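The primary structure of each chain is shown beneath.
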Amino acid sequence: IDQHAAGVLLARLGRKQILDASRDALEADISEGECMETMEQLPEGKQAGPSRIPNEVFKKLARHFAPKMAAMLKEAGEKRHTPQTLLRRGHMYVI
């Protein structure tokens with residue numbers, strides 16, 4: 001790796017900023033509607049995590065689970081803290 005070129009590239013990237021509208025959208029709370037839409041689109045025949053609860057359960061009961069998931073995500077964002085149960089038994093991915 002050319003260290004000088006890498007330094008120039010990193011310096012350029014360091015000056016880049018995202019648009020205010022993009023930042024606001026990324027920092028907005030995840031809504032119940034977003035949670036419900038995501039749950040309704042889960043692939044069938046799989047499960048999300050070590051609970052082994054099939055995705056079909058979340059798809060069929062999205063109206064029940066979506067408000068709870070949205071509230072948990074909002075609280076985690078406000079407290080800047082991920083619940084220990086997710087850290088111990090689940091896999092979190094940054095998108």
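Above this note sits the structure.
The text that follows walks through the structure, step by step, so that each part is easy to find. (Residues numbered from 1 in each chain as written. Predicted model: local features only at pLDDT ≥ 70, side-chain atom pairs only at ≥ 80, totals over all residues. Heavy atoms only, no water.)

### Looking at the pattern of salt bridges
Where charged atoms of side chains with opposite charge meet at close range, the side chains can pair.
Right, so step 1: As enumerated under the stated definition, the model contains five salt bridges in all.
Right, so step 2: Its salt-bridge partner being Lys74, residue Asp29 comes within 4.0 Å of it at the nearest N-O pair. Of this pair, Asp29 sits in the loop between helix H2 (20–27) and helix H3 (32–40) while Lys74 sits in helix H5 (residues 62–79), and the two are 45 residues apart along the sequence.
Right, so step 3: Using a relative accessible area of 38% as the deciding quantity, one classes Lys74 as partly exposed.
Right, so step 4: By sharing partners, the salt bridges in this structure join Asp20, Arg23 and Asp24 into a single network. (Salt bridge = Lys/Arg side-chain N within 4 Å of Asp/Glu carboxyl O. Helix = DSSP H or I, 4+ residues; strand = E, 2+ residues; numbered from the N terminus. Buried < 20%, exposed > 50% of the residue type's maximum accessible area, 1.4 Å probe, protein only.)

### Regarding H5
Right, so step 1: If you check H5, its first and last C-alpha atoms are 25 Å apart, about what 18 residues at 1.5 Å a residue would give, namely 26 Å.
Right, so step 2: Directly beyond the C-terminal end of H5, a positive phi value near 55 degrees is found at Arg80. (Expected span 1.5 Å × (residues − 1).)

### Here's the deal with H3
Right, so step 1: Within H3, burial applies to Cys35, Met36 and Met39. Burial along H3 is one-sided: seen end-on, the buried residues are contained in an arc of 95 degrees.
Right, so step 2: If you follow the buried residues of H3, they end up packed against helix H4 (55–60) and H5. (Arc of directions from axis to C-beta. Contact = heavy atoms within 4.5 Å.)

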